[in-house]
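# Structural features, examined
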Amino acid sequence: MKNHNPAGGHIRFASLTQRLLSGVVLLTLAALIWLAWSGRYDREVNRLAAWISQQYHAIVR
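Model, not experiment: these values are computed from the prediction. (Residues numbered from 1 in each chain as written. Predicted model: local features only at pLDDT ≥ 70, side-chain atom pairs only at ≥ 80, totals over all residues. Heavy atoms only, no water.)

### What about the packing of helix α1 (residues 16–38) against helix α2 (residues 42–60)?
Worth spelling out the cut-off: An axis is simply a line fitted to the C-alpha atoms; with a helix, the fit covers only the stretch in contact. Between two such axes, the angle follows the N-to-C directions and lies from 0 to 180 degrees. Each helix is a run of H or I in the DSSP string that is no shorter than four residues. Each strand is a run of E no shorter than two, and both are numbered from the N terminus. A crossing counts as left-handed when the near helix is turned anticlockwise from the far one by less than a right angle, and as right-handed when that turn is clockwise. Any pair of residues with heavy atoms lying within 4.5 Å of one another is described as a contacting pair. Under the scheme applied, nonpolar residues are Ala, Val, Leu, Ile, Met, Phe, Trp, Tyr, Cys and Pro; charged residues are Asp, Glu, Lys and Arg; polar residues are all the others, including Gly.
Remark: α1 packs on α2, axes separated minimally by 9 Å, with the N-to-C direction vectors making an angle of 145 degrees. Crossing handedness for the pair α1 and α2: left-handed. On the side of α1, the interface is formed by L32, L35 and A36, while α2 contributes D42, V45, L48 and I52. Partitioning the contact of α1 with α2 into residue classes produces six nonpolar, no polar and one charged.

### Focus: the environment of L32
Heads up, the condition is: Burial classes follow relative accessibility: with a 1.4 Å probe on protein chains only, a residue under 20% of its type's maximum area counts as buried, one over 50% as exposed, and anything between as partly exposed.
Along the chain, L32 turns up in helix α1. The class of L32 is buried, set by a relative accessible area of 13%. Sequence separation between L32 and N46 is 14 residues, and the spatial gap between their C-alpha atoms is 9.5 Å. Contact partners of L32, with chain neighbours within four places excluded, come to V45, L48 and I52.

### Side note on a nonpolar patch on the surface
Defined as follows: Two joining distances apply to patches: 9 Å for like charges and 5 Å for nonpolar side chains (Val, Leu, Ile, Met, Phe, Trp, Tyr), and every residue must have over 30% relative accessible area and no salt bridge. Areas reported here follow the Shrake-Rupley algorithm with a probe of radius 1.4 Å; residue values treat only the protein chains shown as occluding. The working definition used for a salt bridge is a side-chain nitrogen of Lys or Arg within 4 Å of a carboxyl oxygen of Asp or Glu.
On the surface, L21, V25 and L29 cluster together into a nonpolar patch covering about 280 Å² of accessible area. Along the polypeptide, L21 turns up in helix α1. With a relative accessible area of 56%, L21 lands in the exposed category.

### Considerations on the environment of S22
Selection criterion: Two N or O atoms form a polar contact when they lie within 3.5 Å of each other; inside protein one atom must be a possible hydrogen donor and the other a possible acceptor, and for residues adjacent in sequence the pair counts only when both atoms belong to side chains.
As for its position among the elements, S22 is in helix α1. One polar contact links the side chain of S22 to the main-chain carbonyl oxygen of R19, over a distance of 2.8 Å.

Structure, rendered in structure tokens:
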């Protein structure tokens, strides 16, 4: 199967830093889902979710 690239250059993959960052984000979300599902750390999960939401709103504005 060919990858069509009309620009004629080589396909560029993510750098090591981008891969590590995406791995950290994935692990963080997986940990939050597990903690919320277990029900043992509801207060901490809600606090962290509120902090993430505040950071998102601060970046988007």
